[in-house]
Amino acid sequence: MLFQEIQLMARIAVSIVLEAAPFLLLGSLLSAVVDRYVDAERIARRIPKGPLGRMAVGLLGGMVIPICECGSVPLARRFLGKGVPPLSAITYMLAAPVINPVVMLSTYVAFISNFKMVIARVSVVACGAALTGWLCADWHADSNRLASLPELNHFHSHGAQNMSTDGRDRWMVLDLLSSGASEFLDMGKYLVLGALASAAFKVFLPWQLVQALAGSATLSIAVLMLLAVLLCVCSEADAFVAASFVYVPPAAQLGFMALGAMVDLKLMGMYFSAFPKRIAWMLIIVPMVCVFGLTFLLSFVMN
Amino acid sequence: MKRVLLALDGMLVLGLGLYMLLLSQTEAYVAFMNPKFRPFTAAAAVGFCIVGAAFLVRPDGRTDALRTLCFVILAVLALHAGSGSLKNAGGFAVKAPPEVRIDPDPHVLRDGDPYLKSNPARLFLLLQTGHSTPSDQRYVTRGIVKRSVQLDQLGKFALLRGNMVCCLADAIAMGMMVAADGLPPLRDGDWVVVFGRVQTLPEPSPITDLGGTREVPFSMVYDKALLVAEAIEPMERPRFPYVFELPPSGKSPPRLTGGDDDY
């Protein structure tokens, strides 16, 4: 019996990696491209100076570069390294996995054309992302951002400098791909560890207890939020999972969808790898508090 | 040591790409992912192969034993997972994907009566999304029997199928409560074919003590209706135990594949 459960756990862990790894690779390659081709001064010129403008850039960035949560972390880290203000980069990192056309459409389909649920999900995530980004903006102002960031991947010294002046460098593409691979490996270790932990929870969690607790209106939001963290379901699929929880109130389903895209086991590891501890803790705690508070308030008007 | 680790890193990324490419071309894929994503996985696999090869030729200078170890663990897990829920390694044989079939008959005839094919997850989603089922509509559905204390007290059992949206991690065993008055009792874990009609319950009857099945650790049954069985027949566990259902739009009939996931 235990052998079967361990095998199921292995299957679930592998399936999480199979689903998420392509997005992580995409994010890592985009990150390498940003590092190589995007000019920091140009970014600085184009980003609005005011906090509302910066927040709007972060919130709407997902409509331009739609990417799920695994891919948004390496990309946001690179944006920060390129001088994008944390208010924009962190807001983008947390909002893009939900505020993008693909996920909004999947939520609409999963909840049977219930546009209110789409609006509610986008609003809660936007509030959580913007608040976290705003709180992290201090980090930008108070410290030397580049020094406090963990070291980013670098091209080979003989490649990066020469390439910038001469696009004919024959190693240019290889270095770009190699840098993407290295970033993927760095972030991928947390994906693997998160997938393992999530699979273990999924197989060994006493689901009867979870179902019993979720049956209580007051506890259901917290229980579903905990599930979102433990299960590591991709933001593109989580609406369908949430919609299947037929015994819980809509506010709890909303909490599951809103939090899972911003905080889960694999993302936690990535946050601690990509950001200083204080920022990583904020990336975990602020969205949790914000999502819980908003969904609790919305529970009085949602039926 | 550093060169060994870097070479191993490159080989692991390349190996991940080759594994994904192989898996995307085999039957075993459906034990991990919704078959709709085959082209996506295959394309990503090619990307991993290219990136892994590039890393082998021009490795980034840094090493990290933990990251190497994590990907070694992933390789071991992939080997341990094998061909997933398929019964044997034949699932890794490269052949036409099982979901590619001709349009099948949507009905099964039993004693001259037509029964509409619908897997338990499709019935669940049909009812959950508010689609009414005509009282004279007969259904035939296949699934795994799940019993619990609550269900036993009600004299019912649950009929479930693991439903995958994207991958196994989001799979939930979904289905219906079944009333089988006068029919022989069934054991937890039996695979059966149920012929019957849907009956709406006067008030919801949530079942909160369901565990999981062999394929999916979490289950959910529709609580506002039940399937009243006219006949139940035992069956062998199907080769492909999972189904891949999304909520129905109601505008078009469900797509049938002729495979194990139809009903």
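Residue indices follow the written sequence of each chain, beginning from 1 at its first position. Note on labels: chains are lettered from A, ligands numbered from 1, in written order. Per-residue local features of the predicted model are confined to residues with pLDDT of at least 70, and side-chain atom pairs are confined, for both listing and counting, to 80 or more; whole-chain, interface and lining totals are unaffected and use all residues.

(A) Broad picture of the overall build of chain B. Counting its secondary structure elements, chain B contains 5 helices and 7 strands. To qualify as a helix, a DSSP run of H or I must reach at least 4 residues; to qualify as a strand, a run of E must reach at least 2; elements of each kind are numbered from the N terminus. Starting at the N terminus, the α and β elements of chain B follow one another as α-α-α-β-β-α-β-α-β-β-β-β. Its C-alpha atoms put chain B at 70 × 40 × 30 Å along the principal axes. For the exposure call, what matters is how many other C-beta atoms sit within 10 Å of a residue's own: 20 or more marks it buried, 12 or fewer exposed, and in between partly exposed, using C-beta atoms placed from the backbone. For chain B, buried positions account for 45% of its 263 residues.

(B) Region of interest: the domain arrangement of chain B. Residue and element names in this part refer to chain B. Examined at the domain level, chain B breaks down into domain 1 (2-92) and domain 2 (107-234). Two residues qualify as a contact pair if the distance between their C-beta atoms, derived from the backbone, is within 7 Å. Counting residues at the interface gives 5 residues for domain 1, matched by 6 residues for domain 2. In this classification, Asp, Glu, Lys and Arg are treated as charged, Ala, Val, Leu, Ile, Met, Phe, Trp, Tyr, Cys and Pro as nonpolar, and every other residue, Gly included, as polar. Broken down by class, the residue content of the side of domain 1 that touches domain 2 amounts to 3 nonpolar, 2 polar and no charged. Domain start and stop positions are those given by an automatic or database domain assignment.

(C) Fine view of the nonpolar core. Within the largest apolar cluster, 186 residues are counted, with the highest numbers of intra-cluster contacts made by Ala13, Val17 and Leu224 of chain A. With 18 residues, helix H1 (residues 2-37) of chain A is the single largest residue contributor to this core. Residue assignment places this core across two domains, with domain 1 (2-92) and domain 2 (107-234) of chain B each supplying three or more. Among all residues touching Ala13 of chain A, those that are not within four sequence positions of it are Ala195, Leu196 and Ala199 of chain A together with Leu77 of chain B. Here, a nonpolar core denotes buried Ala, Val, Leu, Ile, Met, Phe, Trp, Tyr and Cys residues that are linked to one another through C-beta atoms within 7 Å.

(D) Here's a closer look at the environment of Gly10 of chain B. All names here are of chain B. Structurally, Gly10 can be placed in helix H1 (residues 2-24). Separated by 29 residues in sequence, Gly10 and Pro39 have C-alpha atoms that sit 24 Å apart. When sequence neighbours within four positions are dropped, the list of residues in contact with Gly10 reads Gly52, Phe55, Leu56 and Pro59.

(E) Representation of the interface of chain B and chain A in the model. Across the boundary between the two partners, chain B contributes 59 residues, which contact 57 residues of chain A. Listed by contribution, the elements that provide at least two residues to the side of chain B that touches chain A are H1, helix H2 (38-57), helix H3 (65-81), strand E5 (172-179) and strand E7 (219-234) of chain B. With 11 residues, H2 of chain B is the single largest residue contributor to the side of chain B that touches chain A. A class-by-class count of the residues in the side of chain B that touches chain A yields 38 nonpolar, 11 polar and 10 charged.

(F) Looking closely at the confidence of the model for chain A. With 89% of its residues at a pLDDT of at least 70, chain A reaches an overall mean of 85. The score called pLDDT rates the predictor's confidence residue by residue, from a low of 0 to a high of 100. Confidence drops under a pLDDT of 50 for residues 141-164 of chain A, and excluding neighbours within four residues, the segment shows 29 contacts in the predicted structure.

(G) Fine view of the confidence of the model for chain B. Residues and elements named next belong to chain B. Averaged over every residue, the pLDDT of chain B is 87; residues scoring 70 or more account for 90%. Mean pLDDT across the secondary structure elements of chain B bottoms out at strand E1 (residues 107-110), with 90, and peaks at H2, with 96. Scored as a complex, the prediction yields pTM 0.86 and ipTM 0.90.

(H) Just unusual backbone geometry, in detail. Notably, Cys232 of chain A is not glycine yet its phi reads approximately 55 degrees, a positive angle. The residue Cys232 of chain A is located in the loop between helix H12 (217-231) and helix H13 (238-244) in this model. With 30 C-beta atoms packed within 10 Å, Cys232 of chain A lands in the buried category. With a phi angle near 50 degrees, Asp111 of chain B is a residue other than glycine that sits in the positive phi range. Examined against the element boundaries, Asp111 of chain B turns out to sit in the loop between E1 and strand E2 (113-117).

(I) Region of interest: the pairing of strand E3 (residues 138-146) of chain B. Residues and elements named next belong to chain B. Along E3, 8 of the 9 residues are buried, which leaves the element largely enclosed by surrounding structure. By definition, two strands form a pair when at least two bridges between them are found by DSSP. Bridge count for E2 against E3 is 2 bridges, and the pairing is parallel. Residue pairing for E3: Leu116 is matched across the bridge by Tyr139. Two elements, E3 and strand E6 (residues 191-200), share 7 bridges in a ladder whose sense is antiparallel. Across the sheet, residue Tyr139 finds its bridge partner in E6, namely Gly196. Where E3 lies against strand E4 (residues 156-163), 3 bridges are found, and the strand directions are antiparallel. By the bridge assignment, Val145 is partnered in E4 with Leu159.

(J) Spotlight on the packing of H1 of chain A against helix H10 (residues 172-204) of chain A. Residue and element names in this part refer to chain A. Lines fitted to the C-alpha atoms define the axes, with helices restricted to the stretch that makes contact. Angles between their N-to-C directions range from 0 to 180 degrees. In the contact formed by H1 and H10, the axes pass within 7 Å of each other and the chain directions differ by 150 degrees. Between H1 and H10, the angle is such that the two are roughly antiparallel. The handedness of the crossing between H1 and H10 comes out as right-handed. For the contact of H1 with H10, a count of residues per class yields 23 nonpolar, 6 polar and 4 charged. Roughly parallel covers angles under 35 degrees, roughly antiparallel covers those over 145, roughly perpendicular covers 65 to 115, and oblique covers all other angles. We call a crossing left-handed when the near helix sits turned anticlockwise from the far one by less than a right angle, and right-handed when that turn is clockwise.

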